[in-house]
Amino acid sequence: QVQLVESGGGLVQPGGSLRLSCAASGFTTFSNYAMSWYRQAPGKERELVAGINSVGGITNYADSVKGRFTIARDNAKSTVYLQMNSLKPEDTAVYYCKAQRGPFRIWGQGTPVTVSS
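Residues numbered from 1 in each chain as written. Predicted model: local features only at pLDDT ≥ 70, side-chain atom pairs only at ≥ 80, totals over all residues. Heavy atoms only, no water.

A. Up close: the sheet that holds strand E3 (residues 18-25). Here we have four strands laid out as an open sheet, ordered E1-E3-E8-E7, and antiparallel in their pairing. Whereas interior strands pair on both sides, the edge strands pair on one side only; in this sheet they are strand E1 (3-7) and strand E7 (69-74). On average, each strand axis in the sheet is inclined to that of its neighbour by 15°, with strand direction left out of account. Bridging between E3 and strand E8 (residues 79-84) involves six bridges; their strand directions are antiparallel. Bridged to Ser21 within E8 is Tyr81. (Pairing = 2+ DSSP bridges. Helix = DSSP H or I, 4+ residues; strand = E, 2+ residues; numbered from the N terminus. Axes fitted to C-alpha atoms, helices over the stretch in contact; angles between N-to-C directions.)

B. Fine view of the pattern of salt bridges. Summed over the entire model, instances satisfying the criterion amount to four salt bridges. With a shortest N-O distance of 2.9 Å, Arg39 and Asp91 are connected by a salt bridge. Of this pair, Arg39 sits in strand E4 (residues 34-40) while Asp91 sits in the loop between E8 and strand E9 (93-101), and the two are 52 residues apart along the sequence. As far as the burial class goes, Arg39 and Asp91 line up, both buried. In this structure, Asp91 engages Arg68 in a salt bridge whose closest nitrogen and oxygen atoms are separated by 2.8 Å. Note that Asp91 is positioned in the loop between E8 and E9 and Arg68 in the loop between strand E6 (59-61) and E7, a separation of 23 residues in sequence. Grouping residues by exposure puts Asp91 and Arg68 together as buried. (Salt bridge = Lys/Arg side-chain N within 4 Å of Asp/Glu carboxyl O. Buried < 20%, exposed > 50% of the residue type's maximum accessible area, 1.4 Å probe, protein only.)

C. The arrangement of the packing of aromatic side chains in detail. Applying the stated criterion to the full structure yields four aromatic pairs. Each ring, one from Phe27 and one from Tyr33, has its centre 4.9 Å from the other, and the planes form 90°; the classification is edge-to-face. Across the pair, Tyr33 and Phe27 agree in class, each one buried. Summarising the aromatic geometry, the rings of Tyr33 and Phe104 are spaced 6.2 Å apart at their centres and angled 70° between planes, so their arrangement reads as edge-to-face. Pair noted here: Tyr33 is in the loop between E3 and E4 and Phe104 is in strand E10 (residues 104-107), with a separation of 71 residues, a long-range link. Using a relative accessible area of 12% as the deciding quantity, one classes Tyr33 as buried. The class for Phe104 is partly exposed, based on a relative accessible area of 35%. Linked through ring pairs, Phe27, Phe30, Tyr33 and Phe104 together constitute an aromatic cluster. We note Arg46 situated over the ring of Tyr96; from NZ or CZ to the ring centre the distance is 3.7 Å. (Phe/Tyr/Trp six-rings, centres within 6.5 Å; stacked < 30°, edge-to-face > 60°. Lys NZ or Arg CZ within 6 Å of the ring centre and 35° of its normal.)

Right, here's the structure in full:
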């Protein structure tokens, strides 16, 4: 059974940092999958935050997080990370990771991030 499990969310003050992790299990070859982080704030649609290709050489970011967030993957550990620095209240959301290969995609259950003083 393939699954993604996110962790690392929580409450942080503005300007603070968090690192989210997404651990994959049950994948035949994790390194074949492109990975992404999305987020969904209350009352808003889910939006792409950052993505990384299967081998980790190509990344992309939403304009709102460029220069503050960094996506990385460790294929040996079947894990993808999202380092979030200089957090703002508008970064408050549930963060989800997604694995995709061709038409196949799977989502994690999400981890909540709250940025508040």
